[in-house]
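Understanding the architecture of this molecule
The chain contents come next:
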Amino acid sequence: MQQQSSRTIQDCHVLIVDDQPSSRLILESLLEDMVECSTTDSASKAIAFCRAQRPDLVLMDVVMPDMSGHDACRLLADIAETSQIPVIFVTGSATDEEQEKCWDAGGVDFVEKPVNPTTLRNRVKSHLNHKMKTDLLEQLIYLDRLTGAFNRHYLEDSLPGIIRDCLRHERDLAFILFDIDFFKQYNDEYGHLQGDTCLHKVSHTTMHSLLRPRDKLIRVGGEEFLVVLPETDTAGALAVAQRLLTVIKALAIPHQHSPEKVVTVSAGVAEYQPSDDRNLKKAVSRADTALYEAKSQGRNCVVVYDVALEGVSE
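Predicted model, so just to flag it, every value in this text is computed and none were measured. Residue positions are counted from 1 within each chain, in the order its sequence is given. With the structure being a predicted model, the display of local features is reserved for residues of pLDDT at least 70 and the display and counting of side-chain atom pairs for 80 or more, all residues being used for whole-chain, interface and lining totals. Hydrogens and waters are ignored; side-chain quantities use all the structure's heavy atoms.

Here a pair means two rings of Phe, Tyr or Trp (six-membered ring of Trp) with centres within 6.5 Å. Their orientation is stacked below 30 degrees between planes, edge-to-face above 60, and tilted elsewhere. As enumerated under the stated definition, the model contains six aromatic pairs in all. Centre to centre, the rings of Tyr 142 and Tyr 154 are 5.8 Å apart; their planes meet at 80°, and the pair counts as edge-to-face. Note that Tyr 142 is positioned in helix α6 (residues 117-142) and Tyr 154 in helix α7 (residues 152-168), a separation of twelve residues in sequence. Accessibility classification places Tyr 142 together with Tyr 154 in one group, the buried group. Ring centres 4.6 Å apart and planes at 40° place the aromatic pair Tyr 186 and Tyr 190 in the tilted group. Placement of the pair is Tyr 186 and Tyr 190 together in helix α8 (residues 183-190), with a separation of four residues, close to one helical turn. Using a 1.4 Å probe on the protein chains alone, a residue whose accessible area is under 20% of its type maximum counts as buried, one over 50% counts as exposed, and one in between counts as partly exposed. Assessed through its relative accessible area of 2%, Tyr 186 is described here as buried. Since its relative accessible area comes to 30%, Tyr 190 is described here as partly exposed. An aromatic cluster is defined as three or more aromatic residues linked by ring pairs; in this entry it consists of Tyr 142, Phe 150 and Tyr 154. Only runs of H or I of at least four residues qualify as helices and only runs of E of at least two qualify as strands under DSSP, and these elements are numbered from the N terminus.

The pairing of strands in a sheet comes from backbone hydrogen bonds and takes either a parallel or an antiparallel form. By this definition, two strands are paired if DSSP reports at least two bridges between them. On the basis of which strands lie adjacent, the open sheet formed by five strands has the order β2-β1-β3-β4-β5 and parallel pairing. This sheet does not close on itself; its edge strands, each paired only once, are β2 (36-40) and β5 (109-112). Each strand of the sheet is rotated relative to its neighbour by a mean of 20°, with strand direction disregarded. Bridge count for strand β1 (residues 13-17) against strand β3 (residues 57-61) is four bridges, and the pairing is parallel. Opposite Val 14, over in β3, you have Leu 57 as the bridge partner. Sitting on the sheet, helix α3 (residues 43-53) is in contact with β1, β2 and β3, with an inclination near 160° to β1. Axis definition: a line fit to C-alpha positions, over the contact stretch in the case of helices; interaxial angles, taken between N-to-C directions, run 0 to 180 degrees. Note on contacts: a residue pair is in contact if any heavy atoms of the two residues lie within 4.5 Å.

Moving on, we come to the pattern of salt bridges. The salt bridge criterion pairs a side-chain nitrogen of Lys or Arg with a carboxyl oxygen of Asp or Glu, the two atoms within 4 Å. Across all of its chains, the model carries 19 salt bridges by this definition. With a shortest N-O distance of 3.0 Å, Asp 56 and Arg 7 are connected by a salt bridge. With Asp 56 in the loop between α3 and β3 and Arg 7 in the loop between α1 (2-5) and β1, this pair connects stretches of sequence that are 49 residues apart. With a relative accessible area of 7%, Asp 56 lands in the buried category. Look at Arg 7 and you get partly exposed, because its relative accessible area is 22%. Here Lys 131 and Asp 135 are joined by a salt bridge, their closest N and O atoms 3.0 Å apart. With Lys 131 and Asp 135 both in helix α6 and four residues apart, the pair spans about one turn of that helix. Taken as a pair, Lys 131 and Asp 135 share a single burial class, namely buried.

Moving on, we come to the packing of α3 against helix α4 (residues 69-78). Two quantities define a packed helix pair, namely the angle between the helix axes and the distance between the axes. The N-to-C vectors of α3 and α4 enclose an angle of 20°; their axes lie 10 Å apart at closest approach. Taken together, the axes of α3 and α4 lie roughly parallel to each other. Seen from above, α3 lies across α4 with right-handed handedness. Along the contact surface, α3 presents Ala 43, Ile 47 and Cys 50, while α4 presents Ala 72, Leu 75 and Leu 76. Of the residues in the contact of α3 with α4, the class split is six nonpolar, no polar and no charged. Here is the rule for angles: anything less than 35 degrees is roughly parallel, anything more than 145 is roughly antiparallel, 65 through 115 is roughly perpendicular, and the remaining ranges are oblique. Put simply, a crossing is left-handed when the front helix is turned counterclockwise from the back one by less than a right angle, and right-handed when it is turned clockwise. Polar here means any residue outside two lists: the nonpolar Ala, Val, Leu, Ile, Met, Phe, Trp, Tyr, Cys and Pro, and the charged Asp, Glu, Lys and Arg; Gly therefore counts as polar.

Let us now look at the sheet that holds strand β10 (residues 302-304). Strand order in the open sheet made by the five strands is β7-β8-β6-β9-β10, with mixed pairing throughout. Only two strands of the sheet have a single neighbouring strand rather than two, namely β7 (216-221) and β10. Across this sheet, the average inter-strand angle for adjacent strands is 20°, counted without regard to direction. As judged from the five bridges shared by β7 and strand β8 (residues 224-230), these two strands associate in the antiparallel manner. Each bridged residue has a counterpart across the sheet, and for Ile 218 the counterpart in β8 is Leu 226. Strand contacts of α7: β6 (173-180), β7 and β8, with the helix running at about 135° to β7, the strand carrying the most contacts.

A few words on the domain arrangement of the protein chain. When its domains are assigned, the protein chain resolves into domain 1 (9-142) and domain 2 (152-313). The split of the chain into domains comes from an automatic or database domain assignment. For domain 1 and domain 2, the distance between their C-alpha centres works out to 35 Å. Facing nine residues of domain 1, the contacting portion of domain 2 comprises twelve residues. Here the buried area means the combined drop in accessible surface, using a 1.4 Å probe, for two parts upon being joined, counting both sides. When the two sides are added together, the surface that domain 1 and domain 2 hide from each other amounts to roughly 950 Å², 43% of it contributed by carbon and sulfur.

See the structure below:
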């Protein structure tokens with residue numbers, strides 16, 4: 001949270017989208033001393049970039065061969081993980097009709113070509129300042145203060161949109177539910193203050209092990225965490241879970257009541273099914289069933305949900 005609150009304009013990332021090399025060069029030269037800039041030459045590439053990199057702001061040309069800037073802006077707004085990225089249109093026309101199209105498409109502002117350098121820089125700066133304030137507010141609402149992971153409020157507010165995207169675009173969605181092995185005994189032995197430190201280390205390590213911005217770590221309670229993996233099938237989620245077990249064990253946090261003598265975790269993997277009818281609890285319940293089986297198998301392992309596990313109870 002401290003890192004988020006200390007962000008400046010120089011830390012922000014702007015994507016410039018224009019099919020004309022000269023236009024991209026002009027815009028980048030006007031902004032590169034102020035912000036980090038990336039460029040791309042098509043709307044479809046811009047959407048892919050935003051999904052993968054999450055820039056803080058997009059400067060979008062209106063007329064492009066593969067897709068109009070207006071349509072690209074609507075698509076970004078319709079995808080959960082890109083819906084909060086502001087778009088400033090860079091347009092060759094400032095007529096009332098064109099302005100109306102920009103606002104209707106969801107743009108936050110527009111700049112007329114040929115670009116006035118002072119106007120461009122100040123509008124970019126203004127929208128980035130607003131974005132940073134919005135991001136900080138969301139951090140305060142959605143972050144678990146102890147671990148830095150997202151909290152249950154984020155889960156309840158954001159996951160429906162992620163599920164909607166996966167269903168609409170027929171993409172996979174998987175979950176990993178994991179918790180720290182013998183954590184009660186850890187707290188009893190080392191104290192709750194050290195237990196809090198352990199939770200923070202496990203959470204921090206997990207977040208750095210998730211390779212894509214769209215992958216989210218959520219603390220669902222106590223020492224239990226949920227990893228949300230959009231566009232990931234069961235095999236991919238299993239690979240992520242196995243990596244998490246490895247990096248957490250490698251922390252070598254002493255735990256004398258663990259068979260491994262260091263802190264380990266157990267994990268259950270499950271995939272969201274279209275038949276769940278947008279009911280998150282069904283998918284998480286399957287991951288929980290798999291997690292219980294991992295504990296039954298001796299902990300420090302991953303189990304993928306299978307229907308044969310149904311009926312198993314603690």
